[in-house]
Amino acid sequence: QVQLAESGGGSVQAGGSLRLSCAASGRTFSRYAMGWFRQAPGKEHEFVAGSSWSGGITYYEDSVQGRFTISRDNAKNTVYLQMNSLKPEDTAVYYCAAARGTVGSGSVVYTASHEYTYWGQGTQVIVSS
């Protein structure tokens, strides 16, 4: 069992930056693939960024490619989402998620919500123009 808690959300002006953190408790997430999702008002839940549990593989949604960076510190059981050059359309509640990995899936990045088992409560990000 893994519990996830996001932090770092807030309100910023367009062009600004935020760094979201997701701290895990319980079982170590060193063998968990991690992901960030978001849901804006009136929009569908969408994938933002993901990281494999091994091999350092990352993947980003096209709209955030080059602006966002996902990273993880397994020693601290924490995953981060560095968000730069924020745009008003980035406004959403951001969720951290974890998927239990296996020895055969170390380099896999999951992009679908149903592939993740554990979820945080979400942290609000508001970007104003």
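None of the values given here were measured: they were computed from a predicted structure.

Undergrad: Help me understand the environment of tryptophan 119, please; the structure alone is not making it clear to me.
TA: Along the chain, the position of tryptophan 119 falls in strand β10 (residues 118-119). A relative accessible area of 29% places tryptophan 119 in the partly exposed class. Sequence separation between tryptophan 119 and glycine 35 is 84 residues; the distance between their C-alpha atoms is 9.5 Å. With residues near it in sequence (within four places) discarded, tryptophan 119 still touches Leu4, Phe37, His45, Tyr95, Cys96, Ala97 and Ser113.

Undergrad: Explain the sheet that holds strand β1 (residues 2-7) to me, please; I cannot follow it from the model alone.
TA: Working definition: the strands of a sheet are paired by backbone hydrogen bonds and lie parallel or antiparallel to each other. Spatial strand order, β1-β3-β8-β7: four strands in an open sheet with antiparallel pairing. A single partner strand is all that each edge strand has here, and the edge strands are β1 and β7 (68-73). Sheet twist, expressed as the average angle between the axes of neighbouring strands with direction ignored, equals 15 degrees.

Undergrad: Which parts of the structure should I look at to understand the nonpolar core?
TA: Side chains of a nonpolar character, in soluble globular proteins, are inclined to be buried together. Ranked by size, the top nonpolar core spans 28 residues in total, and within it Leu4, Trp36, Leu81, Met83 and Tyr94 carry the most contacts. Broken down by secondary-structure element, the contributors of at least two residues to this core are β1, β3 (18-26), β4 (32-39), β5 (46-51), β7, β8 (78-83), β9 (92-100) and β11 (123-128). Not counting the four nearest positions on each side in its chain, methionine 83 is found in contact with Gly16, Ser17, Leu18, Leu20, Arg67, Phe68, Tyr94 and Val125. Counting residues in hydrophobic clusters, the runner-up holds seven residues, among them Phe37, Ala97, Tyr110 and Tyr116.

Cut-offs used in this document
Residues numbered from 1 in each chain as written. Predicted model: local features only at pLDDT ≥ 70, side-chain atom pairs only at ≥ 80, totals over all residues. Heavy atoms only, no water. Helix = DSSP H or I, 4+ residues; strand = E, 2+ residues; numbered from the N terminus. Buried < 20%, exposed > 50% of the residue type's maximum accessible area, 1.4 Å probe, protein only. Contact = heavy atoms within 4.5 Å. Pairing = 2+ DSSP bridges. Axes fitted to C-alpha atoms, helices over the stretch in contact; angles between N-to-C directions. Core = buried A, V, L, I, M, F, W, Y, C linked by side-chain atoms within 4.5 Å.

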